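Chain and residue survey
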Amino acid sequence: MPTTQTTIQHVSFENCLMNAAGVYCYSKEELEQVINSSAGSFVTKTATLEARLGNPEPRYINTSLGSINSMGLPNLSLHYYLEYLIELQEIYKERTYFLSLTGLNQEDIHKSLKQVQESEFNGFVELNLSCPNVPGKPQIAYDFETTDNILKQVFSYYKKPLGIKLPPYFDIVHFDQAAEIFNRYPLAFVNCINSIGNGLIIEDESVVIKPKEGFGGLGGDYIKPTALANVHAFYKRLNKSIAIIGTGGVKTGRDVFEHILCGASMVQVGTALQKEGPEIFERLTRELKAIMEEKGYKTLEEFRGKLNYL
Ligand code: RRO
């Protein structure tokens, strides 16, 4: 029987599948459903120092090809997720979870990370540098100088495993420039990609979400080719010590297989998890294993990053 076990920085996960930040991760009750599924880990909703209500509703809509959202970073506060994760560490000593966080300014990012550094938390931090939906706040990782400054400061005091959640890039030179910066830091991983920011979905003569006159982050089928391109572009450019987490357009075992073929060590599920619920992890694992059996692969390492070119 093939295994879907994977590793990030010497930490082993029994399954390479988990939720994407923002889906099934707002409250302990939602996270418990992911814990009790076939997923190999979970990541929390991106936390800020203070709890936030987020943008007005409707702010998340499913479409036949995916989803659009402008949630606006609703979350129950860094304190809430951090305390819960520390409780879980005592119960599930052999498991490792991800804490997603960001700040509305650089000072808040550093305040948050210093709190995590000083806490008992021993899991991974996923620093979200790509939220597209807070009015007036740009997606940080599109500004390379700011991103470099943040990482320089972060790694001067933050000594636990940390990775970053990236927005999609669309230009080869941007892949080169971003990778050159990321390679200067002891990142545990980069996660490609967040939603494609500021799309517009129209039904009849109207937008479908209320915030920002209908502009919102796209997920699902719309974004799989962009996600795969970002996963593979960074897999080719980053130091081998930096793992890639692949996120975007995953709804079948074949999609998981393609993310791993592009170089992903872990694969996250957003839109399809929102639509199908945490039972999706069992289906995706079964479908991935069936593909591996058919092709004669026993482990993910045997095909990770081994995309063929013409
Ligand atoms: O909460 C959101 O609006 C949100 C965030 Br923080 C993010 O990183 N990505 C996204 O699509 N929505």
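This text follows the structure it describes.
Residues numbered from 1 in each chain as written. Predicted model: local features only at pLDDT ≥ 70, side-chain atom pairs only at ≥ 80, totals over all residues. Heavy atoms only, no water.

**Brief notes about the sheet that holds strand β10 (residues 196-200)**
Heads up, the condition is: Two strands qualify as a pair provided that DSSP identifies no fewer than 2 bridges between them. Helix and strand definitions follow DSSP, with helices as H or I runs of at least four residues and strands as E runs of at least two, each counted in order from the N terminus. Lines fitted to the C-alpha atoms define the axes, with helices restricted to the stretch that makes contact. Angles between their N-to-C directions range from 0 to 180 degrees.
Across the sheet, four strands lie side by side as β4-β5-β13-β10; this open sheet has antiparallel pairing. Of all strands in the sheet, those bounded by a partner on one side alone are β4 (60-63) and β10. Strand-to-strand twist in this sheet, taken as the mean axis angle between neighbours without regard to direction, amounts to 40 degrees. Sheet topology note: the strand β5 (residues 66-69)/strand β13 (residues 215-220) ladder contains four bridges and is antiparallel. In the strand pairing of β13, N69 is matched with G217.

**Quick look at the site of the ligand**
Spelled out, the test is: Proximity is defined per residue: any heavy atom of the residue falling within 4 Å of a molecule or strand makes that residue near it. As used in this structure description, the phrase polar contact means that two N or O atoms lie within 3.5 Å; if the pair is within protein, one of them must be able to donate a hydrogen and the other to accept it, and residues adjacent in sequence are counted only when both atoms belong to side chains. Using a 1.4 Å probe, accessible areas were evaluated by the Shrake-Rupley method; residue-level cover was limited to the displayed protein chains. Three classes are used: nonpolar for Ala, Val, Leu, Ile, Met, Phe, Trp, Tyr, Cys and Pro, charged for Asp, Glu, Lys and Arg, and polar for all others, with Gly counted as polar.
Close to the ligand lie K45, N69, M71, G72, L73, P74, N128, C131, P132, N133, N194 and S195. In the environment of the ligand, an oxygen atom lies 2.9 Å from a nitrogen or oxygen atom belonging to the side chain of N69. Protein contact buries 93% of the 310 Å² of open area that the ligand shows by itself. Residues of the shell around the ligand, tallied by class, amount to five nonpolar, six polar and one charged.

**A word on the sheet that holds strand β9 (residues 189-192)**
For clarity, the threshold we go by: Residue contacts follow a heavy-atom distance rule, with two residues in contact if any of their heavy atoms lie within 4.5 Å.
Reading across from one edge, β3-β15-β14-β9-β8-β7-β6 is the order of the seven strands in this open sheet, with parallel pairing throughout. The sheet terminates laterally at β3 (17-19) and β6 (98-101), the two strands that pair on one side only. Taking the axes of each pair of neighbouring strands and ignoring which way they run, one obtains an average angle of 25 degrees across the sheet. As paired strands, β6 and strand β7 (residues 124-128) are joined by four bridges and run parallel to one another. If you follow L101 over to β7, its bridge partner there is L127. Packed onto the sheet, helix α7 (residues 253-261) meets β3, β14 (243-247) and β15 (266-269) and runs at close to 140 degrees relative to β15.

**A few points about the packing of helix α3 (residues 106-118) against helix α4 (residues 144-157)**
Let me state the cut-off plainly: Here the angle decides the label: under 35 degrees means roughly parallel, over 145 means roughly antiparallel, 65 to 115 means roughly perpendicular, and every other value means oblique. Two helices cross in a left-handed way if the nearer one is turned anticlockwise from the farther one by less than a right angle. They cross in a right-handed way if the turn is clockwise.
Running from amino to carboxyl end, α3 crosses α4 at an angle of 25 degrees, the nearest separation of the two axes being 10 Å. Taken together, the axes of α3 and α4 are roughly parallel relative to one another. Of the two elements, α3 crosses α4, and the hand of that crossing is right-handed. Residues Q106, I109, H110, L113, K114 and Q117 of α3 form the contact with α4, whose own contacting residues are T146, I150, Q153, V154 and Y157. In terms of residue class, the contact of α3 with α4 is built from five nonpolar, five polar and one charged.

**Looking at helix α2 (residues 78-91)**
The following threshold applies: What a helix is expected to span follows from its residue count: subtract one and scale by 1.5 Å. A 1.4 Å probe rolled over the protein chains alone gives each residue an accessible area, and that area as a share of the maximum for its type sets the label: buried under 20%, exposed over 50%, partly exposed in between.
Compared with an ideal rise of 1.5 Å per residue, which puts 14 residues at 20 Å, α2 spans 20 Å between its outermost C-alpha atoms and is within 8% of the ideal. Turning to α2, its buried residues number three or more, namely L78, Y81, L82, Y84, L85, I86, L88 and Q89. Buried positions along α2 lie against α1 (28-35), β6 and α3.

**Side note on the environment of P161**
Mapped onto the secondary structure, P161 falls in the loop between α4 and β8 (162-166). You can call P161 partly exposed: its relative accessible area is 25%. Sequence separation between P161 and K295 is 134 residues; the distance between their C-alpha atoms is 34 Å. For P161, the contacting residues outside a window of four places in its chain are Q9, G123, F124, V125 and A188.

**Topic: the packing of aromatic side chains**
Remark: the centre distance and the inter-plane angle together describe each pair of aromatic rings, the angle taken between the planes. Under the convention used in this document: Classification of ring pairs uses Phe, Tyr and Trp, with its six-membered ring standing for Trp, and accepts pairs whose centres are within 6.5 Å; under 30 degrees between planes counts as stacked, over 60 as edge-to-face, and the remaining range as tilted.
Applying the stated criterion across every chain yields a total of 16 aromatic pairs. On the numbers, 5.1 Å between centres and 15 degrees between planes, the contact of F98 with F124 is stacked. Separated by 26 residues along the polypeptide, F98 in strand β6 and F124 in strand β7 bring together distant segments of the chain. Here F98 and F124 have matching classes, each one buried.

**Here's the deal with the pairing of β13**
Side-chain positions along a regular strand alternate between the two faces of the sheet. A large share of β13 lies buried, amounting to five of its six residues. Alignment of β10 against β13, held across three bridges, turns out to be antiparallel. Bridging from a neighbouring strand, G199 pairs with G216 of β13.

Just geometry here; none of it tells us what the structure is for.
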